[in-house]
Amino acid sequence: MKQDTIAAIATAPGRGGVGVIRISGSNLLPFAFALTGKTPKARYATLADFRAGDGATIDSGLLLYFPAPHSFTGEDVLELQGHGGPVVMQMLLGRCLDLGARLAEPGEFSRRAFLNGKMDLAQAEAVADLIDAATASAARSAVRSLQGEFSRAIGELNAELINLRMLVEATLDFPEEEIDFLKAADAFGRLERLQRKLAEIFDRAGQGKLLQSGLHVVLVGQPNVGKSSLLNRLAGDELAIVTPIAGTTRDALRSTIQIAGIPLHIIDTAGLRETDDEVERIGIARTWQEIERADVVLLLVDARAGIADADRAILARMPERLQRITVHNKIDLLAQAPERHPESDGIAISLSAKANLGIDLLRQELLRIAGWHQTEDVFIARERHLRALASAQGHVAAARAIVESGFPALELFAEELRLAQQALGEITGEFTADDLLGVIFSRFCIGK
């Protein structure tokens, strides 16, 4: 771990009433004196002038000092709170670099906090997730993880695994003891409880992952079937130009909305058709790129014509993994009522984007596809957390299969438990490779 002094602007770019520079390192009192001519008292706000090398005042503001280990990073930390103009912030940061600090790497403050034991890896990731939260539900879930709720749940599972492993290892060390270990230790009951708890945490983490990343929804179909009208209706704003002229939408239009706290990233694309217009052809090519990245595709068709050969050609090109909803739009022109109904190759929704009929049916279908169910104890999670939990579930299931085999091999049983514990340890950072830490923290803000 690097022990040098780091500095960064911690507030967002642009103009603001207050700007903050954060500095972390060892023995920062001489640094503070060189910058302000004052020796700050720990955890008190000190009014000070921040001075350049020639003694000229760069800015006036508050100086805060948090001595190690009682700080965010576990090192000495200084915070300079000045006026939030971009020029004065850069001047002040430049002065900090002149005094021997270096510019912090992305996420380096949080990484030092993790390496110094101030937070575990799941909590450190929750810092970035709280900053990036797109909805209030995601923010609340990130706070739960930041406060350690996710980590405590993993810790309880780890404690049960350690206790069971201890009994297994003791039995392996003393094979002459005539004890039916599996019955005496209630191994089957313990594993059953572990599986239930793992399934519950996996469900809560899966919901948190949905809050964090949301669902990417792409609107596709032939020209003039109402894709832009549906985007505007879902977004509640006139984002896309709507005209009766085919080919009006030439490029992808993006909008993020939320349904029940779930962020939906909706992309309206160019109508899919054969065309000689070069600009429109580029838009159609980008449409297929968006389809490759989507979680859900809404195929819009005109309810008056139904699914035509051109629509079937579009379906034939779609990736098999994609969830799809066929939307029969413009039912107001047929005086039909909105409905959800099954088709031979999926689910269909009949609605009218223009008349605002059946939009709620579509929203509920999107939530169903996402796998969302309302719960208040969700904690924010990432894809790597879900993979680690799935791995732990697999090893516990394998251990249970060994118990139920009738000829249990305790060595194999013990190994599956060890691998399950290692998988859980990857979530909190107990077992984490340095290269993975580099990937995780490189995606943080510079000042975090």
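Residues numbered from 1 in each chain as written. Predicted model: local features only at pLDDT ≥ 70, side-chain atom pairs only at ≥ 80, totals over all residues. Heavy atoms only, no water.

Enquirer: Before we move on, could you go through the overall build of the chain and cite the residues and values that matter?
Expert: Summing up its helical and strand segments, the chain has 15 helices and 13 strands in all. Among the 448 residues that make up the chain, the fraction classed as buried is 48%. Nonlocal contacts in the chain, meaning residues at least 24 apart in sequence, comprise 66% of its contacts between residues at least 6 apart. Accessible surface, the chain: about 21,400 Å² in total, of which carbon and sulfur atoms supply 53%. (Helix = DSSP H or I, 4+ residues; strand = E, 2+ residues; numbered from the N terminus. Buried < 20%, exposed > 50% of the residue type's maximum accessible area, 1.4 Å probe, protein only. Contact = heavy atoms within 4.5 Å. Areas by Shrake-Rupley, 256 points an atom, 1.4 Å probe, with all protein chains shown as cover.)

Enquirer: Tell me about the sheet that holds strand β2 (residues 16-25), residues and numbers included.
Expert: Taken together, six strands build an open sheet; the order of strands is β3-β4-β5-β2-β1-β6 and the sheet is mixed. The open sheet is flanked by β3 (46-51) and β6 (102-103), the only strands paired with a single partner. Its contacts with the sheet put helix α1 (residues 29-36) on β2, β3, β4 (57-66) and β5 (76-84), and the angle it makes with β3 is roughly 70°. The strands touched by helix α2 (residues 86-98) within the sheet are β1 (6-9), β2, β3, β4, β5 and β6, with β2 carrying the most contacts at an inclination of about 15°. (Pairing = 2+ DSSP bridges. Axes fitted to C-alpha atoms, helices over the stretch in contact; angles between N-to-C directions.)

Enquirer: Give me the packing of aromatic side chains: which residues, what numbers.
Expert: Taken as a whole and judged by the stated rule, the model has one aromatic pair. Note that arginine 22 overlies the ring of phenylalanine 109, its terminal NZ or CZ placed 5.5 Å from the centroid. (Phe/Tyr/Trp six-rings, centres within 6.5 Å; stacked < 30°, edge-to-face > 60°. Lys NZ or Arg CZ within 6 Å of the ring centre and 35° of its normal.)

Enquirer: If you had to explain a nonpolar patch on the surface to someone new, which residues and values would you point to?
Expert: A cluster of nonpolar side chains, namely Leu97, Leu103 and Ile446, defines an oily patch on the protein surface of about 230 Å² accessible area. Relative to the helices and strands, isoleucine 446 resides in the segment after α15 (434-442). On the basis of relative accessibility, which here comes to 36%, the residue isoleucine 446 falls in the partly exposed class. (Patch = residues over 30% accessible without salt bridge, like charges linked within 9 Å, V, L, I, M, F, W, Y side chains within 5 Å. Salt bridge = Lys/Arg side-chain N within 4 Å of Asp/Glu carboxyl O.)

Enquirer: Help me get a handle on the environment of arginine 293, residues and values and all.
Expert: Looking at where arginine 293 falls in the secondary structure, it is placed in helix α10 (residues 278-293). Classification of arginine 293 by relative accessible area gives exposed; the value is 53%. Separated by 75 residues in sequence, arginine 293 and valine 218 place their C-alpha atoms 9.0 Å apart. Beyond its immediate chain neighbours, meaning those up to four positions away, arginine 293 contacts His216, Arg254 and Arg321.

Enquirer: Lay out the environment of glycine 425 with the relevant residues and their values.
Expert: You can see glycine 425 is positioned in helix α14 (residues 410-428). Classification of glycine 425 by relative accessible area gives buried; the value is 0%. Along the backbone, glycine 425 and alanine 388 are 37 residues apart, and their C-alpha atoms lie at a distance of 8.6 Å.

Enquirer: Go over the pairing of β3, please, and point to the residues and values.
Expert: Working note: regular strand, side chains alternate between the two faces of the sheet. Only one face of β3 is buried: it carries Thr46, Ala48 and Phe50, and the other face, with Leu47, Asp49 and Arg51, is open. A loop of five residues connects β3 with β4, the two strands running antiparallel in sequence, and glycine 55 in this loop sits at a positive phi of about 95°.

Enquirer: Could you give an account of the nonpolar core, naming the residues involved and the relevant values?
Expert: Formed by 33 residues in total, the largest nonpolar core has its most connected members in Leu230, Leu264, Leu298 and Leu362. When residues of this core are assigned to their parent elements, the largest contribution, five residues, is made by helix α12 (residues 359-370). Not counting residues up to four positions away in its chain, the partners in contact with leucine 298 are Val217, Val218, Leu219, Val220, Leu230, Ile325, Val327, Leu362 and Leu366. (Core = buried A, V, L, I, M, F, W, Y, C linked by side-chain atoms within 4.5 Å.)

Enquirer: Could you give an account of the packing of helix α4 (residues 121-132) against helix α5 (residues 136-146), naming the residues involved and the relevant values?
Expert: Contact geometry of α4 with α5 gives a least axis separation of 8 Å together with a crossing angle of 160°. As judged from the angle between their axes, α4 and α5 are roughly antiparallel. Remark: the crossing between α4 and α5 carries left-handed chirality. For the pair formed by α4 and α5, the contact residues are Gln123, Ala126, Val127, Asp129 and Leu130 on the first element and Ala139, Ala142, Val143, Ser145 and Leu146 on the second. (Parallel < 35°, antiparallel > 145°, perpendicular 65-115°, else oblique. Left-handed = near helix turned anticlockwise from the far one by under 90°.)

Enquirer: Any chance you could break down the pattern of salt bridges for me, citing the residues and the numbers?
Expert: With the rule as written, the count across this model stands at 20 salt bridges. Across the salt bridge formed by glutamate 192 and arginine 400, the nearest N and O atoms sit 3.6 Å from each other. Here glutamate 192 is found in helix α8 (residues 187-213), whereas its partner arginine 400 is found in helix α13 (residues 383-404), with 208 residues between them in sequence. The exposure class assigned to glutamate 192 is partly exposed, which follows from its relative accessible area of 29%. The exposure class assigned to arginine 400 is buried, which follows from its relative accessible area of 19%.

Enquirer: I'd like a rundown of the pairing of β5, residues and numbers included.
Expert: Burial analysis of β5 places seven of its nine residues in the buried class, the great majority of the element. Taken together, the eight bridges between β2 and β5 define a ladder with antiparallel strand orientation. Directly across from glycine 25, in β5, lies its bridge partner aspartate 76. The pairing of β4 with β5 spans five bridges and is antiparallel. For phenylalanine 66, the partnering residue across the bridge sits in β5 and is valine 77.

Enquirer: Tell me about α4, and please be specific about residues and values.
Expert: Note: α-helices contain 3.6 residues per turn, so residues at a spacing of three or four share the same orientation. Taking 1.5 Å per residue as the helical rise, α4 with its 12 residues ought to reach 16 Å, and the 17 Å between its terminal C-alpha atoms agrees with that figure. Residues of α4 that are buried include every one of Leu121, Ala122, Gln123, Ala124, Glu125, Ala126, Val127, Ala128 and Asp129, and no others. (Expected span 1.5 Å × (residues − 1).)

Enquirer: Requested: an account of unusual backbone geometry, with residues and values cited.
Expert: Cis geometry is found at the peptide bond from alanine 68 to proline 69, where omega equals 0°. Here proline 69 lies in the loop between β4 and β5. Although it is not a glycine, asparagine 27 adopts a positive phi angle of roughly 55°. In this structure, asparagine 356 takes a positive phi of about 60° despite not being glycine.

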